[in-house]
Amino acid sequence: MSRHIRPAVIFLVLTAVVAFGASHLLRQQPIENKAISPKEETSGALQALEDWTAQRAYPHDVVPDAGFYLAYEHTQRMRGRSRGIDDFVAPWETLGPVNMAGRSLALAFDPVDPDIIYVGAASGGLWRSTTAGVGADAWDYVETGYPVLGVSTIAIQPDDRDVIYIGTGEVYPYQESIGGPVIRTTRGSYGIGILKTTDGGATWTKSLDWSYSQTRGVWSVRIDPDDHDIVHAATTEGIYRSDDAGATWTLKLDVLMGTDLRIHPTDSDIVYAACGNF
């Protein structure tokens, strides 16, 4: 029996030695000339973004410009036509996880009660705290009645806390359905223009309606401190102005990717605009 075992053992030992030697030689080879594909240079995060896009864009390569809002309208029509569908689609209950963080784009304090704070999320809509953000349950989601994901700016009228404007969409390159690094196949978040409330957030209406132009975004909304009917907005399409409290808007500065606005503190006729992004 032992005579048959020894050759087998020797064979296994030799195989292991050869394998070790081959792997050692491979490790010793110079890697300067080894071609590295882009896939090997990126992490799994890019693949996750591509998969995310493919799931939502099918059968297209990217999500159509008006696709998100069209899907929202389709759902609303189904609710109206299908008996009992509300029992299926609403209400929703949050199950978790609750340990996931997200980016915030905008903050605004109530001009009367500083314990009331509004926050605009990059992909989670509008939130409000009445406890100055303190406590485990400090924040409540503000339902706008529209499919709003990215809230990039919040403006509260100084003499009437019930009047609030929010700009939607987190858009980076102009008219591109991408966001973040330019190799991404997704974008920041969907926008539908500017929404306005006159009852402290209970109900909202469209002020600047870009529901079907979701690659547009609004980065900054500022209310004139001397005349609250005058409102300025920095957007991907340029700098807009409203003279009737957001009922209509006029393009005043035709420059792409307006990202911020400031009104002169002593002369509201002077407005500064920041522009440019990717």
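Scroll up to find the structure.
Parameters at a glance
Residues numbered from 1 in each chain as written. Predicted model: local features only at pLDDT ≥ 70, side-chain atom pairs only at ≥ 80, totals over all residues. Heavy atoms only, no water. Helix = DSSP H or I, 4+ residues; strand = E, 2+ residues; numbered from the N terminus. Buried < 20%, exposed > 50% of the residue type's maximum accessible area, 1.4 Å probe, protein only. Contact = heavy atoms within 4.5 Å. Areas by Shrake-Rupley, 256 points an atom, 1.4 Å probe, with all protein chains shown as cover. Core = buried A, V, L, I, M, F, W, Y, C linked by side-chain atoms within 4.5 Å. Salt bridge = Lys/Arg side-chain N within 4 Å of Asp/Glu carboxyl O. Pairing = 2+ DSSP bridges. Axes fitted to C-alpha atoms, helices over the stretch in contact; angles between N-to-C directions. Patch = residues over 30% accessible without salt bridge, like charges linked within 9 Å, V, L, I, M, F, W, Y side chains within 5 Å. Lys, Arg positive; Asp, Glu negative; His and termini not counted. Charge placed at Lys NZ, Arg CZ, Asp CG, Glu CD.

Looking now at the overall build of the protein. Within the protein, the secondary structure is distributed over 5 helices and 14 strands. Here the protein, with 278 residues, has 36% of them falling under the buried criterion. Excluding contacts between residues fewer than 6 apart, the proportion of contacts in the protein whose partners are at least 24 apart in sequence is 48%. Counting only carbon and sulfur atoms, one obtains 57% of the accessible surface of the protein, whose full area is about 17,100 Å².

Attention now moves to the nonpolar core. In a soluble, globular protein the nonpolar side chains are often hidden away together inside. Leu126, Tyr146, Ile154, Ile166 and Trp204 are the most contacted members of the largest nonpolar core, which totals 18 residues. Within the residue set of this core, elements represented by two or more residues are helix H4 (67-81), strand E1 (104-109), strand E5 (151-156) and strand E6 (164-168). Top element by residues in this core is E5. It accounts for 3 residues. Other than its neighbours up to four places away in sequence, Trp204 contacts Leu126, Val142, Glu143, Thr144, Tyr146, Ile164, Ile166, Leu195, Lys196 and Thr197. Grouped together as the second largest cluster of nonpolar side chains are 14 residues, Ala155, Val163, Tyr240 and Trp249 included.

What follows concerns the pattern of salt bridges. Tallying each qualifying case throughout the model produces 7 salt bridges. Close ionic contact of Arg216 with Glu237 constitutes a salt bridge, the shortest N to O distance being 3.8 Å. Of the two residues, Arg216 is situated in the loop between strand E8 (205-209) and strand E9 (218-223) and Glu237 in the loop between strand E10 (231-235) and strand E11 (238-242); the sequence distance between them amounts to 21 residues. On the basis of relative accessible area, Glu237 is assigned to the buried category, the value being 10%. Arg222 serves as the salt-bridge partner of Asp260, at 3.3 Å between the closest nitrogen and oxygen. Here the residue Asp260 occupies a position in strand E13 (residues 258-263), and Arg222 occupies one in strand E9, the gap between them amounting to 38 residues. Relative accessible area serves as the criterion here: at 27%, Asp260 is assigned to the partly exposed category. A network of salt bridges, in which partner residues are shared, links Arg222, Asp260 and Arg262.

Right, let's get into the environment of Leu126. Residue position: Leu126 is located in strand E3 (residues 126-129). Through-space distance from the C-alpha of Leu126 to that of Thr144 is 8.2 Å; in sequence the pair is 18 residues apart. Residues in contact with Leu126, not counting those within four places in the same chain, are Tyr118, Val119, Asp140, Tyr141, Val142, Val151, Ile154, Ile166 and Trp204.

Okay, the sheet that holds strand E2 (residues 117-121) next. Ordered by their spatial adjacency, 4 strands build an open sheet running E1-E2-E3-E4, and the pairing between neighbours is antiparallel. Lying at the two open borders of the sheet, with one neighbouring strand each, are E1 and strand E4 (139-142). The sheet shows a mean angle of 25° between the axes of neighbouring strands, taken without regard to direction. With 5 bridges joining them, E1 and E2 adopt antiparallel strand pairing. Note that in E2 the partner of Ala106 across the bridge is Gly120.

Take a negative patch on the surface next. Where like charges cluster on the molecular surface, the negative patch consists of Asp226, Asp227, Asp229, Asp244, Asp267 and Asp269. Tracing the chain through its elements places Asp227 in the loop between E9 and E10.

Here 4 strands make up an open sheet; going across it, the order is E5-E6-E7-E8 and the pairing antiparallel. Pairing within the sheet leaves two strands with one partner each, and these edge strands are E5 and E8. The average angle at which neighbouring strand axes cross in this sheet is 20°, direction not considered. Bridge count between E5 and E6: 5 bridges; the pairing is antiparallel. Bridge pairing in E6 places Ile154 opposite Ile166.

The subject of this paragraph is a nonpolar patch on the surface. Together, Trp127, Trp139 and Tyr141 make up an exposed nonpolar region whose accessible area comes to about 280 Å². Examined against the element boundaries, Trp139 turns out to sit in strand E4.

Strand direction decides the pairing type here: E2 and E3, joined by 4 bridges, are antiparallel. From the neighbouring strand, Tyr118 faces E3, where its bridge partner is Arg128. Between E2 and E3, which follow one another and run antiparallel, lie 4 residues, and Gly125 among them has a positive phi close to 85°. Where E3 lies against E4, 4 bridges are found, and the strand directions are antiparallel. The partner of Leu126 across the bridge, within E4, is Val142.

Okay, unusual backbone geometry next. Excluding glycine, residues mostly carry a negative phi; peptide bonds, for their part, are mostly trans. Phi at Ala132 takes a positive value of approximately 60°, unusual for a residue other than glycine. In this structure, Ala132 sits in the loop between E3 and E4. Judged by relative accessible area, Ala132 falls into the partly exposed class, the value being 33%.

All we've got here are geometric facts, nothing functional implied.
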